[in-house]
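# Examination of the molecular architecture
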Number of protein chains: 4
Amino acid sequence: MTHHVLLTGFEPFDQDPLNPSWEVARALDRWQPAVMGRAGDAFEVRAAQLPCVFGDAVVRLQAAIAQWQPVLVICLGLAGGRSEITPERVAINVDDARIPDNAGRQPVDTAVQLHGPTAYFSTLPIKAMVRNLRTEGIPASVSNTAGTFVCNHVFYALMHHLAQATTKDGRPQAREARGGFIHVPALPELAARHPGMPSMALATQVRGLQVAIETALSVADDVREVGGALH
Amino acid sequence: MTHHVLLTGFEPFDQDPLNPSWEVARALDRWQPAVMGRAGDAFEVRAAQLPCVFGDAVVRLQAAIAQWQPVLVICLGLAGGRSEITPERVAINVDDARIPDNAGRQPVDTAVQLHGPTAYFSTLPIKAMVRNLRTEGIPASVSNTAGTFVCNHVFYALMHHLAQATTKDGRPQAREARGGFIHVPALPELAARHPGMPSMALATQVRGLQVAIETALSVADDVREVGGALH
Amino acid sequence: MTHHVLLTGFEPFDQDPLNPSWEVARALDRWQPAVMGRAGDAFEVRAAQLPCVFGDAVVRLQAAIAQWQPVLVICLGLAGGRSEITPERVAINVDDARIPDNAGRQPVDTAVQLHGPTAYFSTLPIKAMVRNLRTEGIPASVSNTAGTFVCNHVFYALMHHLAQATTKDGRPQAREARGGFIHVPALPELAARHPGMPSMALATQVRGLQVAIETALSVADDVREVGGALH
Amino acid sequence: MTHHVLLTGFEPFDQDPLNPSWEVARALDRWQPAVMGRAGDAFEVRAAQLPCVFGDAVVRLQAAIAQWQPVLVICLGLAGGRSEITPERVAINVDDARIPDNAGRQPVDTAVQLHGPTAYFSTLPIKAMVRNLRTEGIPASVSNTAGTFVCNHVFYALMHHLAQATTKDGRPQAREARGGFIHVPALPELAARHPGMPSMALATQVRGLQVAIETALSVADDVREVGGALH
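Described below are features of the structure shown in this document. (Residues numbered from 1 in each chain as written. Chains lettered and ligands numbered in written order. Predicted model: local features only at pLDDT ≥ 70, side-chain atom pairs only at ≥ 80, totals over all residues. Heavy atoms only, no water.)

### Some words on the relation of the copies chain C and chain D
Expressed as a screw operation, the relation of chain C to chain D combines 0.0 Å of axial shift with a rotation of 180°, fitting to an RMSD of 0.0 Å. Accordingly, the operation relating the two chain copies is best matched by a two-fold axis. The fraction of interface residues of chain C whose copies in chain D are also interface residues reaches 100%, indicating that both copies meet through the same surface. (Least-squares fit on C-alpha atoms with pLDDT ≥ 70 in both. Contact = heavy atoms within 4.5 Å.)

Structure, rendered in structure tokens:
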């Protein structure tokens, strides 16, 4: 049996022609990780593109989850200015847009989910991911904030969905699917138009996500490893 | 009647002789904000020093709250590397120490409060604070992560305490006391020993906290103002 | 006998109401350093404001030098984005303006001085200045580039002038007068309008320049102290 | 006839197993740029590795120049912390080592060349290089300081050598050979061991140097293009 891994990326944002989050997801569509499940099951990645729009992005994410019934969901987003692949630790229940999204929406200090909890932790093994990425020579660090724009919005909505999800016959499936969010750096092509902006080649990003996905599929409990931030 | 504002700072950390968070708190001990409560009540600041130690810092904080029954609690901490006064938006339920605290403790990925919620939002008017600080010519920004060290630990414990607190006769007082955490930059004296580190003069920091406290005492609902982070 | 120290600062640039380089110079006008010359001579600072305009700034600088016949000339400029007081090591013979100056001039890759040498080193004891500033608790570092805008333009023109200067009776005075350039950080008031920009209080800057001037007047040969840059 | 382009890189520095400057140079050894000289002449790159040692590096550089009689010399060096390919504008006549070189040498504030001029400008078309690199989607910027360590040391010695060089029969050849220095970012493998450090993939760096070399071989006079630094 083959289980699905859902990998989402965003459409290009603002004036940029490419969004690395989608380029990475697209490159890994149909990729089969070299990891096997407990019963010898195989895994296969399915990519889905999300609009960079509050609300609409979540509708599209939920449709993709419904379609693929994934055991693992990783949403990707661009973090212009970061130089590393950064698995996010926590999603917070706030939309606070510094600039308008692709549909011109700019929520300020509103909840992602009206009666939702203040935050959700990622259920990905973020420390093990960072350790394995670094071992592979790929710059990575845990991030403690996904911001308050569409990325955090999707991250929170994903975790809320996974925490609430039930199958059609009413049994909870929350424990089945793990999920989280990973920010990726700008591509060199984008950084070339923004002097000083760090970047990471697409090939490195794609290899990084392969490592991250295989780690998530093979590590049951995250490692306890130093990786916090003083502030 | 005089209401108390509790302002805490940390003891010096590691090798540094001074901690600006405590220097600011100490400088404002007994200071009376130029703001009056609804019934013409006055306010007065009381400073308390916290040890830079997981657990012990919270014990000391709770003792100070019990002693002064404050209507407002602001905990301060040093954020070496930041150049602005940064009111924190959210405390998360994790201790993840990159380095040992002053007692040699270094918890990694443990909960601050075993069965506590994932996070608490500050109940300070952080956007109004930042707006008023900038108007006064004092660099300030909202921060979306207080890290995972003793600062976040104290911030989370404070918000958990305020959310749970009841008076001795059993009536809830949660709605009465507001609280949160503000990170301050290094003092010039510290930055002078760490080339490249930004700093802020003590006088500017003290003036900044006066503005922040008066804002918290006079603004009932925070302003809705653009101030989020893309990531 | 009283010798003059010429301290210059720039007029406000662009939209900013204040320029710290001038605020510092103005604050020290007529200040008498606690240092005596070899014959028991005293020193006194004279401040001059330079326009932030290629060419015009040099005319004004030369006029001030002619007026005060200083034994020491320190030109100050704002380096928005730097957090420390940074004595500059070298002035280069190029004008390359990323943006127009206050008169709308924007030279690109032209010489400051057509047949001048490629560069001049500062004749200030920059290492001793940095050491003394840090000892006083004031953040400071040697800088190896003054950029290619009006600051470097004035710095180069100053050093060229001092290297060429002769008194009216034809005797060289080059060895008499030392000179150089020091960049100072933004004031908090400016940084408050540019989120993330580091700053330094005016009082700290003024105290810093007092230390720098007294060091220049009392140190004959600069100290040999580690302070270079890897790149 | 085939003209040589000399491309140098440094041996690994300190504890790092790889130095991107040498990996790039090595990858381009024997590469033939798709550019032809005036008489239909071809070009071919020769790579040489320099020790990361004051003095010795220059000896090796001069030997390689003597061996290959290049028409173009580009020396490469690693700039850990930079995210872009940065052609350097100016070499200064100072050695000021913040840390010891690979032979334990640590000169402080001494001249590269005792009676040499204060500085040399690169004779590479640095603005055209940056423009072409960006057009190719490769992050690049002009740098106004090569630091004061072995990189600047080699850069200065190269320019001094080219300015002085005469052929065996005594005719000057200075006008024949152009030269300069380009800093490259860390490789991802190195950045993976230094959290927060930006990097650039080897393939991107190699492609970048191809663009830079072809630009240098085909652009006679550098473009006048905005690209200066405010400070």
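### Quick look at the interface of chain C and chain D
With 38 residues of chain C at the interface, the matching set in chain D holds 38 residues. Note on chain C versus chain D: buried area summed over both sides is about 3100 Å², and carbon and sulfur give 61% of it. On inspection of chain C and its partner chain D, the count reaches eight salt bridges. Measuring nitrogen to oxygen at the nearest pair gives 2.8 Å for the salt bridge that ties Asp 109 of chain C to Lys 127 of chain D. Scanning the region where chain C abuts chain D turns up 16 residue pairs in polar contact (both at pLDDT 80 or more). At the level of secondary structure, the elements contributing two or more residues to the side of chain C that touches chain D comprise β5 (90-92), β7 (108-110) and β8 (119-121) of chain C. (Buried area = accessible area lost by both parts, 1.4 Å probe. Salt bridge = Lys/Arg side-chain N within 4 Å of Asp/Glu carboxyl O. Polar contact = N/O pair within 3.5 Å; in protein donor to acceptor, adjacent residues only side chain to side chain. Helix = DSSP H or I, 4+ residues; strand = E, 2+ residues; numbered from the N terminus.)

### Comments concerning the pairing of strand β9 (residues 178-184) of chain C
All names here are of chain C. When you tally the buried positions in β9, you get seven out of seven residues, the bulk of the element. Of the two faces of β9, both are covered, the one formed by Arg 178, Gly 180, Ile 182 and Val 184 as well as the one formed by Gly 179, Phe 181 and His 183. The pairing of strand β3 (residues 72-78) with β9 spans seven bridges and is parallel. Each bridged residue has a counterpart across the sheet, and for Cys 75 the counterpart in β9 is Phe 181. Two strands pair when backbone bridges link them, and strand β4 (residues 86-87) and β9 are joined in this way by two bridges, in the antiparallel orientation. Residue pairing in the sheet places Pro 87 in a bridge with Ile 182 of β9. (Buried < 20%, exposed > 50% of the residue type's maximum accessible area, 1.4 Å probe, protein only. Pairing = 2+ DSSP bridges.)

### Re the interface of chain A and chain B
Opposite the 38 residues of chain A that make contact, chain B presents 38 residues. Summing both partners gives a buried area of about 3100 Å² for chain A against chain B, and 61% of it is carried by carbon and sulfur. Three residues, Arg 98, Leu 230 and His 231 of chain A, lead the burial of chain A against chain B; their summed loss comes to 23% of the area buried on that side. Counting across the chain A and chain B interface gives eight salt bridges. Between Arg 89 of chain A and Asp 109 of chain B there is a salt bridge, with the nearest N and O atoms lying 3.1 Å from each other. Taken together, the connections running from chain A to chain B amount to 16 residue pairs in polar contact (both at pLDDT 80 or more). Counting residues per element, the ones that place at least two in the side of chain A that touches chain B are β5 (90-92), β7 (108-110) and β8 (119-121) of chain A. By residue class, the composition of the side of chain A that touches chain B is 17 nonpolar, 13 polar and eight charged. (Nonpolar A, V, L, I, M, F, W, Y, C, P; charged D, E, K, R; others polar.)

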